[in-house]
Structures are given as structure tokens and as C-alpha cells.
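What follows is each chain in one-letter form.
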Amino acid sequence: MTTELIEEAPDARQQLDLERALEAIFMVADEPQGLVTLATTLGRPVAAVRQTIERLVDDYDGVGGSVRRGFELREVAGGWRLYVRSDYDQVVRDFVLTENPSKLSQAALETLSVIAYKQPITRSAIASIRAVNVDSVVRTLLGRGLITEVSTDGETGAIYYGTTDLLLTQLGLNSLDELPRISPLLADGAEGFDDQFH
């Protein structure tokens, strides 16, 4: 009997390790994570990852007597991601608006500008325009309610972001059409050009 327990222990540990590893990934992931990507990252069979995700979903949902969490693990666009449970949307919104009144950073303002003018736009497209990683800034803007997930690309699972009515309210605008045009603010490259060739 002792031998059986010793033989079973590594599997039980591996199962728990896989659950914890998946939780860690879901905590930092901004995009839905597909089973194959997760299995490859963790070096585990797809079937094992699928079964572990199913256990986590049940656990978070309070199935089998566990406590129902304020978040849920949801399948979206062929991948899995953690979301605030809809029951607590208002609580989170109130928290964000009252507890985070601080001004936006320069990086957040720049990212918000890119989204406002180019929406709908993916996180990778924003990063390409800004030439920096924008993961944490996008999370901040989502948390502040200034941007929202507009749609998801059916093929890639990439999430498209757009601005919210809260941003319009904060800017005192009725619609995005009232945003100032960028072209008059940008140099046209002609400065010094005439001097060089005359």
C-alpha cells in the first residue's frame, strides 16, 4: 500500500503543478490562450491541459462544493482567459473609478491616442506603432474603463480594442468625429527642404 502511494504521488504533484502553472499564465495573459500553445509552453499533452482547464473552470464556478470565485475562466475565440464574473462588474468599475483617480502616464496617453485614432486596433498593432510593449498600459486603460474589447479576430484570436463613452465624457466630446485632426500637428517634412536645394 505504501508503494502504491509513492507511485501515485508524482502524478498528483504533476496535476497540481499543471493547475498552478496554468493559473500563473492566465494571470498575466492579455489574449485568450489556445490549448496547443499552453501545452507547448508547459511541455504537457493537450489532453492533460484540457482536463486541467476543465477542473479549474469547475473549481472557479463552485462546482463540487468549492467557493464560487469572483472571476471565471472562459473560452473565447478558441482560447482561454480569466474574466471578472459579470456579477461583479459594477464593483470593479466603482473600484477603478474611485481608487485610481491618478493621472495617466505619458505611455498610457500615447497608447490611448493610438487607439482613439486607429480603432478598432489590436494590441500588436498598437505595439508596432509605438515600438514598445503595451501589455501593461492596455491593462491599465481597460481597468480605467477608457477602452474596451470591441471584437476578436476569428482566425488569430487577436482582440481589437476601441474607446468607450467614458473617454468621450472625460474629453468633453459627443463623438470621435470631434477629435482634433492630427495632420496639422505633424511636420510635413518640408522644413529645411527648400534651403537645402536653393
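Quick caveat, the model's predicted, so the values are computed rather than measured.

Visitor: Is there a simple way to explain the sheet that holds strand β5 (residues 159–163) in this structure?
Guide: In a beta sheet, neighbouring strands pair by backbone hydrogen bonds and run either parallel or antiparallel. Read from one edge of the open sheet, three strands run β3-β5-β4, paired in antiparallel fashion. On the outer flanks of this sheet lie β3 (121–122) and β4 (147–152), each paired with one strand and no other. Two strands pair when backbone bridges link them, and β3 and β5 are joined in this way by two bridges, in the antiparallel orientation. For Ile121, the partnering residue across the bridge sits in β5 and is Tyr161. In the packing of helix α7 (residues 135–143) onto the sheet, the strands contacted are β4 and β5, and the crossing angle to β4 comes to about 110 degrees.

Visitor: Just to check I follow, could you spell out unusual backbone geometry for this structure?
Guide: The general pattern is negative phi for most residues beyond glycine and trans for most peptide bonds. In the segment running from Gln119 into Pro120, the intervening peptide bond is cis, with an omega of -5 degrees. Tracing the sequence through the fold places Pro120 in the loop between α5 (106–118) and β3. A positive phi is found at Ala131, a non-glycine position, where the angle reads about 60 degrees. Along the chain, Ala131 falls in the loop between α6 (123–130) and α7. When its relative accessible area of 65% is taken as the criterion, Ala131 is described as exposed.

Visitor: In this structure, what is going on with the pairing of β4? I would like to understand it.
Guide: Strand residues, when the strand is regular, have side chains that alternate between the two faces of the sheet. Bridge analysis of β4 against β5 gives five bridges, and the strand direction is antiparallel. Looking at the pairing, Thr148 lines up with Gly162 of β5. From the end of β4 to the start of β5, which pair antiparallel, there are six residues, and Gly157 there has a positive phi angle of about 80 degrees.

Visitor: I would appreciate a short explanation of the environment of Ala127 in the present structure.
Guide: With respect to the helices, strands and loops of the structure, Ala127 is situated in helix α6. Distance from Ala127 to Thr111, taken between C-alpha atoms, is 8.6 Å for residues 16 residues apart in sequence. Those residues in contact with Ala127 that sit more than four places away from it in its chain are Val132 and Val134.

Visitor: Could you clarify how one ought to interpret the confidence of the model for the protein chain in this entry?
Guide: Regions with low pLDDT carry predicted coordinates that are not meant to be interpreted in detail. Predicted confidence across the protein chain gives a mean pLDDT of 82, with 81% of residues reaching 70 or more. No element of the protein chain has a lower mean pLDDT than helix α9 (residues 193–197), which averages 40, and none a higher one than helix α3 (residues 46–61), which averages 96. Ignoring residues within four places in sequence, the model shows residues 1–8, a span with pLDDT below 50, making zero contacts including any to other chains. Here residues 189–198 scores under 50 on pLDDT; set against residues more than four positions off or in separate chains, the count is zero contacts.

Visitor: Help me understand the packing of aromatic side chains, please; the structure alone is not making it clear to me.
Guide: Ring pairs (aromatic) are described by centroid distance and by the angle formed between their planes. Tallying each qualifying case throughout the model produces one aromatic pair. With a centroid separation of 4.9 Å and an interplanar angle of 65 degrees, the aromatic rings of Tyr60 and Phe71 are classed as edge-to-face. Taken as a pair, Tyr60 in helix α3 and Phe71 in strand β1 (residues 71–76) lie far apart in primary sequence, 11 residues in all.

About the thresholds
- Residues numbered from 1 in each chain as written.
- Predicted model: local features only at pLDDT ≥ 70, side-chain atom pairs only at ≥ 80, totals over all residues.
- Heavy atoms only, no water.
- Pairing = 2+ DSSP bridges.
- Helix = DSSP H or I, 4+ residues; strand = E, 2+ residues; numbered from the N terminus.
- Contact = heavy atoms within 4.5 Å.
- Axes fitted to C-alpha atoms, helices over the stretch in contact; angles between N-to-C directions.
- Buried < 20%, exposed > 50% of the residue type's maximum accessible area, 1.4 Å probe, protein only.
- pLDDT = per-residue confidence, 0-100.
- Phe/Tyr/Trp six-rings, centres within 6.5 Å; stacked < 30°, edge-to-face > 60°.

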